[in-house]
Each structure stands twice: as structure tokens, then as C-alpha cells.
Amino acid sequence: MKLTDNVLRSFRVAKVFRENSDKINCFDFSSNGETVISSSDDDSIVLYDCQEGKPKRTLYSKKYGVDLIRYTHAANTVVYSSNKIDDTIRYLSLHDNKYIRYFPGHNKRVVALSMSPVDDTFISGSLDKTIRLWDLRSPNCQGLMHLQGKPVCSFDPEGLIFAAGVNSEMVKLYDLRSFDKGPFATFKLPYERTCEWTGLKFSNDGKLILVSTNGGTLRLLDAFKGAVLHSFGGYNNSKGVILEASFTPDSQFIMIGSEDGKIHVWNAESGMKVALLDGKHTGPVTCLQFNPKFMTFASACSNMAFWLPTIDD
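Residues numbered from 1 in each chain as written. Predicted model: local features only at pLDDT ≥ 70, side-chain atom pairs only at ≥ 80, totals over all residues. Heavy atoms only, no water.

> I would appreciate a short explanation of the environment of Lys63 in the present structure.
Within the element layout of this structure, Lys63 appears in the loop between β5 (54-60) and β6 (67-71). Owing to a relative accessible area of 53%, Lys63 belongs among the exposed residues under this scheme. Considered as a pair, Lys63 and Glu158 are 95 residues apart in the sequence and their alpha carbons are 36 Å apart. Setting aside residues up to four positions removed in sequence, Lys63 forms contacts with Lys84 and Ile85. Of note is the side chain of Lys63, whose polar atom sits 3.4 Å from the side chain of Tyr64. (Helix = DSSP H or I, 4+ residues; strand = E, 2+ residues; numbered from the N terminus. Buried < 20%, exposed > 50% of the residue type's maximum accessible area, 1.4 Å probe, protein only. Contact = heavy atoms within 4.5 Å. Polar contact = N/O pair within 3.5 Å; in protein donor to acceptor, adjacent residues only side chain to side chain.)

So, in C-alpha cells, the structure goes:
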């Protein structure tokens, strides 16, 4: 089944889970699409089975809190940042709920965490104005970049380069093997005083970069030339909430939630809005991602919703 405008418009909430007492700050699908794991401001980690459509396990990180949770490539392991006590990144085995390793280094809150799609490397960006490069096998930072402002960062789908959004006005591209030589490309965007950049993602085909903000606009860039292809707006975000924007796995559509619980979908090529979906969320839709393998997506406020299409186009 192929994603089309009509299929997207037909998506409805199939299941709602009320496992959390506070907002879900992040979730991540496993690469096989069979599970999704969430982190919440209530200090819990909830693992869901996407095929059976039910929560499987709940773990707690009461002492350190939990944010920006990401699956690693090893089965049943995750990395996540802390939102209490310190700014150390933690590597957790879900199997026995034990920490495998700690990654200390940042001295302010970690605001970006991206796992390499191909190996055990990951990058983190922090309010301490640094990006750090790590390897899951070592607690020592493998590389450090000092920047002019708050960074957002992400790997490209091949895991060969990463992009850093700096100071809400520049996107810098780095080659992973020689990032200490500085960026091989820098794209300067018109600075917007009204909002800060909160996220950066590559499309799966590697051709597009999506920059999300805590305002009411998203920017879609050409990943090679840095040109702004489209700016998307018209969704509610008056309180400066961090709303996650995502590509569909085929790189054809862009989705974001809003503070009124609705989900907006645009065509990446034409820039036209193709769908407005009502998730009946009780708060802002802070997290939104399409399943990498199955025709379903998830959205979250303090509740988690699984969506399914109601037509086969």
C-alpha cells in the first residue's frame, strides 16, 4: 500500500494509551517497526508493542528523569538524556533494567540526541553550546565541537554526515570522518526573532532537511544546496511548545502536531497542505512519528495514540 493524499486523509486514531501522568517528551520506533518506546516527564519509560497494539513494559528513571530516548542497534537497549540532577547521557539495557554505560561531559541540558543509522556512533547537542560525538562502547567523548549558540543536530540516513543547526540561523554539514576540520557546507537562513529552532531531521532519501521551531513555522531545505524549498505554517503554537515534526518514510510528506491536538500534513514537493487530522489529544502534540515499516503512525501528548488508515487506496 502506497501513501497518497487520500490514504493520509483517511487516518484515524485506532488506539489511545493513558499510561502517563505527565507529557510524553519523546518516543522512538524500533528499526523493524515492531515496537515504540517513550520517555515522559513523569520519569517513566514505556515500551509498546505496535503489532499487538498494547503497552508491554514500564520502567522508571526516577532519580535522573528521562528525555530524548533513542533505540540503539543492539536489541533491547536505549540511550537517553537526563532532565534532573545532571546532564549525563545514559545507556540502558531494557532486558534487565540496568545501565550499561554513562556518557558524562555536557554541563547543561541535552537538547538533541541522534543515533547513527549504521553503527554505534551517536551525537548529542546541549545548551552548553557544544555538540559531542560518542561511541556506545566507550564512556569517553570521541569528538567535541564548540558552537556559537544552542545546537540541534542529526545524522543523515547513510550515517556519513551530520547536520548541526546553530543559533537558529545556520545549518552546518560535517563529514563524520573529518568533522574536526569544520563544516564542508554552511547554509545561512533568514533569522527569525520570534522563534528558536528545536529540531532538525533528514528525509530518508537524504535530499531534504526539515527544521522545526518553537513557533508556528517549519522550514524545508534542499540538503545539498541549502535553499529553503517551503515554509509550512497555519498550525497552532502560541505558547512556544516544542512540537516534533516528521517525514513519512517515503520522504513525500511532512507532518506536525499542534497545541490544539490536531495533526497537519503537507506534500513535501508541492508544499500544499493535504490533511488535517484530529487526534482528540488533550494537550499539545509534542511527539509525532511515522512507523518506519508499517502503515501506521503515533502521536503523543500525555497520551499515546496509534493511527491506522481507513481506506486502501
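After that view, the rundown keeps rolling.
> Just to check I follow, could you spell out the UniProt feature "repeat: WD" (unreviewed entry) in the protein for this structure?
Mapped onto this numbering, the UniProt entry gives "repeat: WD" (unreviewed entry) at residues 17-58, 103-138 and 235-276. Note that residues 103-138 is 0% helix and 56% strand, and that its end C-alpha atoms are spaced 8 Å apart. Annotation note: span residues 235-276, helix share 0%, strand share 43%, distance between end C-alpha atoms 10 Å. (UniProt positions renumbered as here; feature names shortened; annotations may be inferred.)

> Honestly, the pairing of strand β8 (residues 89-93) in this entry has me stumped. Any pointers?
In summary, the side chains of a regular strand alternate between the two faces of the sheet. The element β8 is extensively covered by neighbouring structure, given that five of its five residues are classed as buried. Alternating residues of β8 divide into Ile89, Tyr91 and Ser93 and Arg90 and Leu92, and every residue in both groups is buried. Looking at chain direction, strand β7 (residues 77-81) and β8 are connected through five bridges and run antiparallel. By the bridge assignment, Tyr80 is partnered in β8 with Arg90. By the bridge criterion, five bridges tie β8 to strand β9 (residues 98-103) in an arrangement that is antiparallel. What sits directly across from Leu92, in β9, is Tyr99. (Pairing = 2+ DSSP bridges.)

> What is the right way to look at the packing of aromatic side chains in this model?
Aromatic ring pairs are reported here in terms of the distance separating the ring centres and the angle at which the planes meet. Applying the stated criterion across every chain, the model contains 20 aromatic pairs. With a centroid separation of 4.9 Å and 70 degrees between ring planes, the pair formed by Phe17 and Phe306 is classed as edge-to-face. Within this pair, whereas Phe17 is found in strand β1 (residues 12-17), its partner Phe306 is found in strand β28 (residues 304-308), the two being separated by 289 residues in sequence. Of the two residues examined, Phe17 and Phe306, each falls in the buried class. (Phe/Tyr/Trp six-rings, centres within 6.5 Å; stacked < 30°, edge-to-face > 60°.)

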